[in-house]
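A structural walkthrough
What follows is the residue order along each chain.
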There are 2 protein chains.
Amino acid sequence: MKKSPPKLRFAVLAADTVLCTIRDKRLFVRLIAVNRPPHFRHAWGLPGGLIHPTETAEEAARRNLSVKAHIGASTLYMEQLYTFSAIDRDPRGRVVAVAYLALIAWDALSPQEQRDTPETRWVPMDAVGALAYDHNEILKAARKRLRSRAASTTILVTIMPDEFTLTELENAYECIMKTDLDKRNFRKKILKLKIVRALPKKRTLGRARPATLYRFASPDVTEIKIL
Amino acid sequence: MKKSPPKLRFAVLAADTVLCTIRDKRLFVRLIAVNRPPHFRHAWGLPGGLIHPTETAEEAARRNLSVKAHIGASTLYMEQLYTFSAIDRDPRGRVVAVAYLALIAWDALSPQEQRDTPETRWVPMDAVGALAYDHNEILKAARKRLRSRAASTTILVTIMPDEFTLTELENAYECIMKTDLDKRNFRKKILKLKIVRALPKKRTLGRARPATLYRFASPDVTEIKIL
DNA sequence: CCAAAAGTGTTATGACTACACCCATGA
DNA sequence: TCATGGGTGTAGTCATAACACTTTTGG
């Protein structure tokens, strides 16, 4: 994951990213293969890498996401999560990591970005096993942050497709919050808050009644109590 | 503030702390003198300094608070705030700062810690002028975090004295949230939440009716919707 | 007896929860 | 015509906000 850090008098800085998307009513994270004997063989971990002196932590996170995880999408939402500085978090040396939470809509990804390769995979959140370094801890912090943001901001703009049905939106909340929501109450609340606008179209899916499509009223993430 | 960073291939890591307390119905921050010509002369800034390879970011924050701001209290509450990595945030070189929010009760401080010196001062939050580096930005993030924590956790345990009156608690919320609260509604809510316990004592202050003293039910900071 | 701060209750409004059936469509 | 998912309303409960006067003490 990180290039072998030179033996310096100070800690080396890295940026690691938890990139999530939603597909088929499930949350997925992007993982990359980590193969760094003797500590990690055939392991998986979060995409990340060293921060160059000429870039900010977020720029480094984006660059490494592109280089290591092959995700170059520029519409990626990123927010800083936490800085992990435990002394032994990287067995190869003193590496402090600034962790980011990143979100993107599945269909804002290119076919290449959607694809799994031997080096990169989209893994369902609750199927993630033991990761390299302290990445399980980072992942846990990311899930918590995502839940709290979903409850109190319009952060789902960044992970929903451009147009969606209210059922899809409800499913997104449900898989992020890990709760069941009442369909009627959910719709009432979302519509009352006026965070989405109905479009003059419907989408038919299989042999069922067509669903009204909606779009977020604003593309910005704003603070508003939702759940 | 930070020792002159050697010219390294990578950024140097520092920890800066926004230490707050409440005194006389007002929020105060601890500042230290910054005198580093040619960039900063007779300026003030947040206490902070480099992170040693053998310590975590939080340990470095505590150590620098003790060394630079003469605050050695071990009961200090600390929570990581944000990592500031703008390339030019320190005019002397590439320094990335992990910022912390720290809280302590005014009367948990020793007389030395309460005192101002030519090098260190307690400054009322809204009387803070232009600080060195990007420290105004850090301060702003700290105020915002403090407000949000006060509204949704029992974080005031860490800044209230051991025993206090409900009026004092209300004043603490008011100066943190920058709002006026209704006395009756505030008391009802706080008592219903059972986050404080009345003590079998009262405190008389001047020629007025004595006030019941309270203590937090738990010394831990827990999540609970308060305001 | 006066000044100062402590303490206390009610009402109206809005939010939240729980809950079950009909609708529109394609197969 | 049936299977599938879309869509809707009400009633009970609880939290919130607005609001003013009495109590206890020391000076």
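What you are looking at is a predicted structure, and each value in this text was computed from that prediction instead of being measured. (Residues numbered from 1 in each chain as written. Chains lettered and ligands numbered in written order. Predicted model: local features only at pLDDT ≥ 70, side-chain atom pairs only at ≥ 80, totals over all residues. Heavy atoms only, no water.)

Secondary structure assignment for chain A yields five helices and nine strands. Going from the N terminus to the C terminus, chain A shows its helices and strands as β-β-β-β-α-β-β-α-β-α-α-α-β-β. For a compact globule of 227 residues, the expected C-alpha radius of gyration is about 17 Å, and chain A comes in at 19 Å, within 12% of that figure. Residues counted as buried form 52% of the 227 residues belonging to chain A. Taking contacts inside chain A between residues at least 6 apart in sequence as the whole, the part at least 24 apart equals 66%. Split by element, the accessible area of chain A, about 11200 Å² in all, is 52% carbon and sulfur. For chain A, the distance from the average site of its 40 positive side-chain charges to the average site of its 24 negative ones is 3 Å. (Helix = DSSP H or I, 4+ residues; strand = E, 2+ residues; numbered from the N terminus. Rg over C-alpha atoms; globule rule 2.2 N^0.38 Å. Buried < 20%, exposed > 50% of the residue type's maximum accessible area, 1.4 Å probe, protein only. Contact = heavy atoms within 4.5 Å. Areas by Shrake-Rupley, 256 points an atom, 1.4 Å probe, with all protein chains shown as cover. Lys, Arg positive; Asp, Glu negative; His and termini not counted. Charge placed at Lys NZ, Arg CZ, Asp CG, Glu CD.)

This paragraph deals with the protein's contact with DNA strand C. Around DNA strand C, the structure places 22 residues, and the nearest of them are Arg184(A), Arg207(A), Lys183(B), Lys188(B) and Thr212(B). Here DNA strand C approaches the protein such that, of its atoms within 4 Å, sugar and phosphate make up 42%. Contact between DNA strand C and Arg209(A): a base oxygen at 3.3 Å from a side-chain N or O atom of the residue. Measuring from a phosphate oxygen of DNA strand C, one finds a side-chain N or O atom of Thr212(B) at 2.8 Å. At the level of elements, helix H5 (183–193) of chain A together with helix H5 (183–193) and strand S10 (211–216) of chain B are the ones that each hand at least two residues to the surface near DNA strand C. (Near = heavy atom within 4 Å. Polar contact = N/O pair within 3.5 Å; in protein donor to acceptor, adjacent residues only side chain to side chain.)

With that settled, the discussion passes to the sheet that holds strand S9 (residues 196–203) of chain B. Residues and elements named next belong to chain B. The strand order across the open sheet built from three strands is S8-S10-S9, with neighbouring strands paired in antiparallel fashion. Two strands lie at the open edges of the sheet, namely strand S8 (164–165) and S9, each paired on one side alone. The pairing of S9 with S10 spans five bridges and is classified as antiparallel. Note that in S10 the partner of Ala198 across the bridge is Tyr214. (Pairing = 2+ DSSP bridges.)

Attention now moves to the pattern of salt bridges. All names here are of chain A. All chains considered together, the criterion is met by 26 salt bridges over all chains. Among the ionic pairs, Glu79 bridges to Arg145, the shortest N-O distance being 2.8 Å. One end of the pair, Glu79, is in strand S5 (residues 77–84); the other, Arg145, is in helix H3 (residues 135–152), and 66 residues separate them in sequence. A residue is classified by how much of its surface remains accessible, and Glu79, at 7% relative accessible area, is buried. Connected through shared salt-bridge partners, Asp162, Glu163, Lys201 and Arg215 make up one network. (Salt bridge = Lys/Arg side-chain N within 4 Å of Asp/Glu carboxyl O.)

We now examine the protein's contact with DNA strand D. In the vicinity of DNA strand D lie 22 residues, with Lys183(A), Lys188(A), Arg209(A), Thr212(A) and Arg209(B) positioned nearest. Arg207(A) is positioned such that a nitrogen or oxygen atom in its backbone is 3.0 Å from a base oxygen of DNA strand D. Contacts to DNA strand D include Asn185(B), whose side-chain N or O atom sits 3.0 Å from a base nitrogen. Counting residues per element, the ones that place at least two in the surface near DNA strand D are H5 and strand S9 (211–216) of chain A together with H5 of chain B. Among the elements that make up the surface near DNA strand D, the one with the highest residue count is H5(A) (four residues). In terms of residue class, the surface near DNA strand D is made up of five nonpolar, five polar and twelve charged. (Nonpolar A, V, L, I, M, F, W, Y, C, P; charged D, E, K, R; others polar.)

Residues and elements named next belong to chain A. Interhelical geometry of H3 versus helix H4 (residues 166–177) gives an angle of 140° and a closest axis separation of 9 Å. What the angle tells us is that H3 and H4 run oblique. H4 is crossed by H3, and the crossing has left-handed handedness. Every residue of H4 that contacts H3 at Leu146, Arg147, Ala150 and Ala151 is listed here: Tyr173, Ile176 and Met177. Here the contact of H3 with H4 is built from residues that sort into six nonpolar, no polar and one charged. (Axes fitted to C-alpha atoms, helices over the stretch in contact; angles between N-to-C directions. Parallel < 35°, antiparallel > 145°, perpendicular 65-115°, else oblique. Left-handed = near helix turned anticlockwise from the far one by under 90°.)

The next point concerns the interface of chain B and chain A. Taken residue by residue, the interface counts 24 residues in chain B and 24 residues in chain A. Carbon and sulfur atoms make up 63% of the surface buried where chain B meets chain A, a total of about 2100 Å² over both sides. Three residues, Phe10(B), Pro53(B) and Gln80(B), lead the burial of chain B against chain A; their summed loss comes to 27% of the area buried on that side. Summed over the shared surface of chain B and chain A, the result is zero salt bridges. For the interface between chain B and chain A, the tally reads nine residue pairs in polar contact (both at pLDDT 80 or more). Looking at the side of chain B that touches chain A, the elements that each hand over two or more residues are helix H1 (57–69), strand S5 (77–84) and strand S6 (95–103) of chain B. In terms of residue count, the dominant contributor to the side of chain B that touches chain A is S5(B) (three residues). Residue composition of the side of chain B that touches chain A, grouped by class: 14 nonpolar, six polar and four charged. (Buried area = accessible area lost by both parts, 1.4 Å probe.)

What follows covers the nonpolar core. Counting 48 residues, the largest nonpolar core has Leu13(A), Leu19(A), Ile71(A), Leu13(B), Leu19(B) and Ile71(B) as its most contacted members. Secondary-structure elements contributing two or more residues to this core are strand S1 (12–23), strand S2 (26–36), helix H1 (57–69) and strand S6 (95–103) of chain A together with strand S1 (12–23), strand S2 (26–36), H1 and S6 of chain B. (Core = buried A, V, L, I, M, F, W, Y, C linked by side-chain atoms within 4.5 Å.)

Mapping chain B onto chain A leaves a residual RMSD of 0.0 Å; the transformation is a rotation of 180° accompanied by 0.0 Å of translation along its axis. Both copies are brought into coincidence by an operation consistent with a two-fold rotation axis. Residue by residue, 100% of the interface of chain B is reproduced at the interface of chain A, so both copies engage with the same surface. (Least-squares fit on C-alpha atoms with pLDDT ≥ 70 in both.)

Next up on the list: the side chain of Ser85(B). Relative to the helices and strands, Ser85(B) resides in the loop between S5 and S6. Here Ser85(B) is in contact with Thr56(A), Ala57(A), Arg94(B) and Val96(B), once residues within four sequence places are set aside.

Right, let's get into the packing of helix H4 (residues 166–177) of chain B against H5(B). A pair of packed helices is captured by two measures, namely the crossing angle of their axes and the spacing between those axes. Residues and elements named next belong to chain B. Closest axis-to-axis distance for the H4/H5 pair is 11 Å, and the angle between their directions is 100°. Of the possible angle classes, the one that applies to H4 and H5 is roughly perpendicular. For the pair H4 and H5, the contacting residues are Leu166, Thr167, Leu169, Glu170 and Tyr173 in the first and Lys183, Phe186, Arg187, Ile190 and Leu191 in the second. Looking at the contact of H4 with H5 residue by residue, the classes come out as six nonpolar, one polar and three charged.

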